[in-house]
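If you want the building blocks of each chain, they are given just below.
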Amino acid sequence: MDCSFPEGDPAAVCGKRQQFGSRFLSDPARVFHHNAWDNVEWSEEQAAEAERKVQENSTQRVCQEKQADYEINANKYWNNFYKIHENGFFKDRHWLFTEFPELAPSQNHLKNLLSENKRSEVYEYYRSGEDGPDLTIEEQHRCSSVSLGDKTQPPLTEESVTQKLHHLEICANEFPGSSATYRILEVGCGVGNTVFPILQTNNDPSLFVYCCDFSSTAVELVQTNSAYDPSRCFAFVHDLCDEDKSYPMPENSLDVIILIFVLSAIVPDKMQNAINRLSRLLKPGGIMLLRDYGRYDMAQLRFKKGQCLSENFYVRGDGTRVYFFTQDELDTLFTTAGLEKVQNLVDRRLQVNRGKQLTMYRVWIQCKYRKPLGSSTG
Ligand SMILES: C[S@@+](CC[C@H](N)C(=O)[O-])C[C@H]1O[C@@H](n2cnc3c(N)ncnc32)[C@H](O)[C@@H]1O
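In this text, all values refer to a predicted model and were calculated from it rather than measured experimentally.

Conventions used here
- Residues numbered from 1 in each chain as written.
- Predicted model: local features only at pLDDT ≥ 70, side-chain atom pairs only at ≥ 80, totals over all residues.
- Heavy atoms only, no water.
- Helix = DSSP H or I, 4+ residues; strand = E, 2+ residues; numbered from the N terminus.
- Buried < 20%, exposed > 50% of the residue type's maximum accessible area, 1.4 Å probe, protein only.
- Areas by Shrake-Rupley, 256 points an atom, 1.4 Å probe, with all protein chains shown as cover.
- UniProt positions renumbered as here; feature names shortened; annotations may be inferred.
- Contact = heavy atoms within 4.5 Å.
- Phe/Tyr/Trp six-rings, centres within 6.5 Å; stacked < 30°, edge-to-face > 60°.
- Lys NZ or Arg CZ within 6 Å of the ring centre and 35° of its normal.
- Salt bridge = Lys/Arg side-chain N within 4 Å of Asp/Glu carboxyl O.
- pLDDT = per-residue confidence, 0-100.
- Core = buried A, V, L, I, M, F, W, Y, C linked by side-chain atoms within 4.5 Å.
- Pairing = 2+ DSSP bridges.
- Polar contact = N/O pair within 3.5 Å; in protein donor to acceptor, adjacent residues only side chain to side chain.

J.: Is there a simple way to explain the overall build of the protein chain in this structure?
T.: The helix and strand tally for the protein chain stands at 14 helices and 11 strands. Here the protein chain holds 378 residues, and the buried ones make up 56% of them. When the accessible area of the protein chain is evaluated, it comes to approximately 16400 Å², of which 49% is carbon and sulfur surface.

J.: What should I look at first to understand the UniProt feature "binding site: S-adenosyl-L-methionine" in the protein chain in this one?
T.: Under the UniProt annotation, the feature "binding site: S-adenosyl-L-methionine" is placed at Trp78, Tyr82, Gly188, Asp213, Asp239, Leu240 and Ile260. Of note, Gly188 is situated in the loop between β2 (182–187) and α10 (195–201). Take Gly188: its relative accessible area is 19%, and that puts it in the buried class. The residues touching Gly188, leaving out its near neighbours within four places in the chain, are Cys212, Asp213 and Val262. Within the secondary structure, Ile260 sits in strand β5 (residues 254–260).

J.: Sorry, what's going on with the environment of Phe81 here?
T.: With respect to the secondary-structure elements, Phe81 resides in helix α4 (residues 74–85). Take Phe81: its relative accessible area is 2%, and that puts it in the buried class. The sequence separation of Phe81 and Ala218 amounts to 137 residues, and the corresponding C-alpha distance is 9.2 Å.

J.: Which parts of the structure should I look at to understand the packing of aromatic side chains?
T.: For any two aromatic rings, the description comes down to two numbers: the centre-to-centre distance and the angle of the planes. All chains considered together, the criterion is met by 15 aromatic pairs. A ring pair is formed by Phe313 and Tyr323, whose centres lie 6.3 Å apart and whose planes are at 50°; its orientation type is tilted. One end of the pair, Phe313, is in strand β8 (residues 313–315); the other, Tyr323, is in strand β9 (residues 321–323), with 10 residues separating them in the sequence. What makes Phe313 buried here is its relative accessible area of 2%. Relative accessible area serves as the criterion here: at 8%, Tyr323 is assigned to the buried category. Ring geometry for Tyr314 against Phe324: centres 5.8 Å apart, planes inclined by 70°, an arrangement best described as edge-to-face. Of this pair, Tyr314 sits in strand β8 while Phe324 sits in the loop between β9 and α14 (327–336), placing them 10 residues apart in sequence. Within the aromatic cluster, the residues linked to one another by ring pairs are Phe261, Tyr293, Phe303, Tyr314 and Phe324. Looking at Arg348, its charged tip hangs above the ring of Trp42, at a distance of 5.6 Å from the centre.

J.: Just checking my understanding: could you explain the pattern of salt bridges for this structure?
T.: Pairing is possible between side chains of opposite charge, provided their charged atoms come close. Applying the stated rule across the entire model yields 13 salt bridges. Two residues, Asp69 and Lys66, come together in a salt bridge whose shortest N-O distance is 3.8 Å. Here Asp69 and its partner Lys66 are both found in helix α3 (residues 64–72), three residues apart, which amounts to about one turn of the helix. Of the charged contacts in the structure, one is a salt bridge between Arg362 and Asp297, with a shortest N-O distance of 2.7 Å. Here Asp297 lies in the loop between β6 (282–293) and α13 (298–301) and Arg362 lies in strand β11 (residues 358–370), a separation of 65 residues in the sequence. Since its relative accessible area comes to 0%, Asp297 is described here as buried. Residues participating in the shared-partner salt-bridge network are Glu49, Arg52 and Glu56.

J.: Any chance you could explain the confidence of the model for the protein chain here in plain terms?
T.: Low pLDDT marks regions whose predicted coordinates should not be analysed in detail. When the pLDDT values of the protein chain are averaged, the result is 81; 74% of them are 70 or greater. Taken as a whole, residues 1–17 scores under 50 in pLDDT and shows 37 contacts with residues more than four places along the chain or in a different chain. Of the two predicted TM-score estimates for the complex, the pTM is 0.82 and the ipTM is 0.99.

J.: I tried to follow the nonpolar core on my own but got confused; where do I start?
T.: Soluble globular proteins tend to bury their nonpolar side chains together. Ranked by size, the top nonpolar core spans 44 residues in total, and within it Leu185 and Leu278 carry the most contacts. Ranked by residue count, the leading element in this core is helix α12 (residues 271–281), at five residues. Sequence-distant contacts of Leu185, defined by excluding residues within four places in its chain, comprise Tyr210, Cys211, Cys212, Phe236, Tyr247, Met249, Leu254, Val256, Ile257, Ile258, Leu278 and Leu281. With 41 residues, the next largest nonpolar core counts Ala104, Cys189, Tyr228 and Ala235 among its residues.

J.: Help me understand the sheet that holds β6 in this model?
T.: By definition, the strands of a sheet pair up through backbone hydrogen bonds, in either a parallel or an antiparallel sense. Strand order across the open sheet formed by eight strands is β1-β10-β11-β6-β5-β2-β3-β4, with mixed pairing between neighbours. The strands lining the two open edges of the sheet, one partner per strand, are β1 (36–37) and β4 (233–237). Pairing of β2 with strand β3 (residues 207–213) involves six bridges; the strand directions are parallel. When the sheet's bridge partners are listed, Val187 is paired in β3 with Cys212.

J.: For this particular structure, what's the right way to read the environment of Ser264?
T.: Tracing the sequence through the fold places Ser264 in the loop between β5 and α12. Once the C-alpha coordinates of Ser264 and Pro205 are considered, the two residues, 59 residues apart in sequence, prove to be 33 Å apart. A polar atom in the side chain of Ser264 sits 2.6 Å from the side chain of Asp292.

J.: What am I meant to see in the pairing of β2 here?
T.: Two faces make up the sheet, and in a regular strand the side chains alternate between them. When you tally the buried positions in β2, you get six out of six residues, the bulk of the element. Neither face of β2 is left uncovered, since the one carrying Tyr182, Ile184 and Glu186 and the one carrying Arg183, Leu185 and Val187 both have all their residues buried. As defined by bridge partners, β2 adjoins β5 across four bridges and the pair is classed as parallel. Within the sheet, the bridge partner assigned to Glu186 lies in β5 and is Ile258.

Written out as structure tokens, the structure is:
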């Protein structure tokens with residue numbers, strides 16, 4: 001059946017929910033008829049204007065002293081972010097399973113049950129105040145939307161995990177989740193907006209989910225959430241740029257690693273090593289999934305002079321940082337780490353605030369890279 005669909009609800013045409021990229025704006029007069037349009041073509045003028053804005057906002061760089069502070073204290077800036085935004089409301093993230101069915105392989109039928117309305121909710125973005133942390137509200141929620149549960153346990157710090165691991169000297173049978181047969185690690189998990197939907201959706205008894213973040217505030221919010229179940233999940237503090245700290249699982253042990261808007265938060269010259277280390281944790285045949293900011297996304301164009309750290313890397317008003325990728329850059333990062341491309345797509349969306357009659361051009365990149373079956377490390 002031909003599922004191409006010009007401007008309507010793909011669910012209505014094909015009888016099931018489609019992955020992103022199926023609602024096209026062919027008649028500009030209809031722009032405010034929906035919350036978002038997929039695969040928006042940029043005109044040459046629009047692309048040139050985006051390039052001009054980036055050149056302009058990159059001319060003045062943050063001084064070296066401040067740059068060092070943002071790097072050394074990066075986790076503290078994120079801790080502050082989570083202290084301020086911890087009580088955001090929950091955003092439905094079931095799009096995860098449509099885009100990344102690898103997160104719930106035995107539950108793939110679920111995607112057919114989801115309504116198109118959910119899809120609109122996910123991508124309804126609004127700008128925060130000018131003096132705020134230059135994240136859109138949805139982006140803030142992405143980082144802060146899980147409500148607090150009972151606070152009973154202190155967070156597992158990187159030190160405590162490392163100490164335990166030192167004693168265990170991770171071996172095949174002795175690590176958290178060692179008896180599971182399907183293991184997922186989310187890196188830069190924030191307050192669990194991806195982890196909890198995975199645990200709720202994927203009921204496979206052999207599933208174990210690890211999640212880490214270098215913000216102890218975020219990890220504490222995960223661990224104290226009422227949905228946190230230590231028999232199925234292990235949340236720990238970990239800096240993915242810290243080469244001296246081990247992960248709490250052996251190499252070649254993970255089926256899936258997921259990075260959602262986290263690689264962009266680290267300094268570009270540390271990205272390759274971080275991906276190399278993660279790649280070693282994957283089983284042969286395991287897959288790395290990423291969704292992150294693309295070059296010339298609205299958020300990049302909105303930065304003002306004086307917020308640029310290096311090419312395409314910026315600091316927000318709250319001290320958190322963000323990089324804007326091209327598809328090629330991500331391809332190089334993953335293939336250099338020994339992974340093979342399964343998917344590398346750019347998601348150009350036009351989001352619409354119908355109430356305020358505003359249009360927002362978003363650019364995200366989605367990647368899936370697999371560890372070749374024949375390869376193993378460790
Ligand atoms: C934009 S938020 C995304 C959070 C989460 N992935 C989500 O989608 O809700 C970026 C996250 O990356 C974390 N992060 C940034 N740099 C990190 C690093 N070097 N190691 C581990 N986590 C990091 C931040 O603390 C923050 O939680």
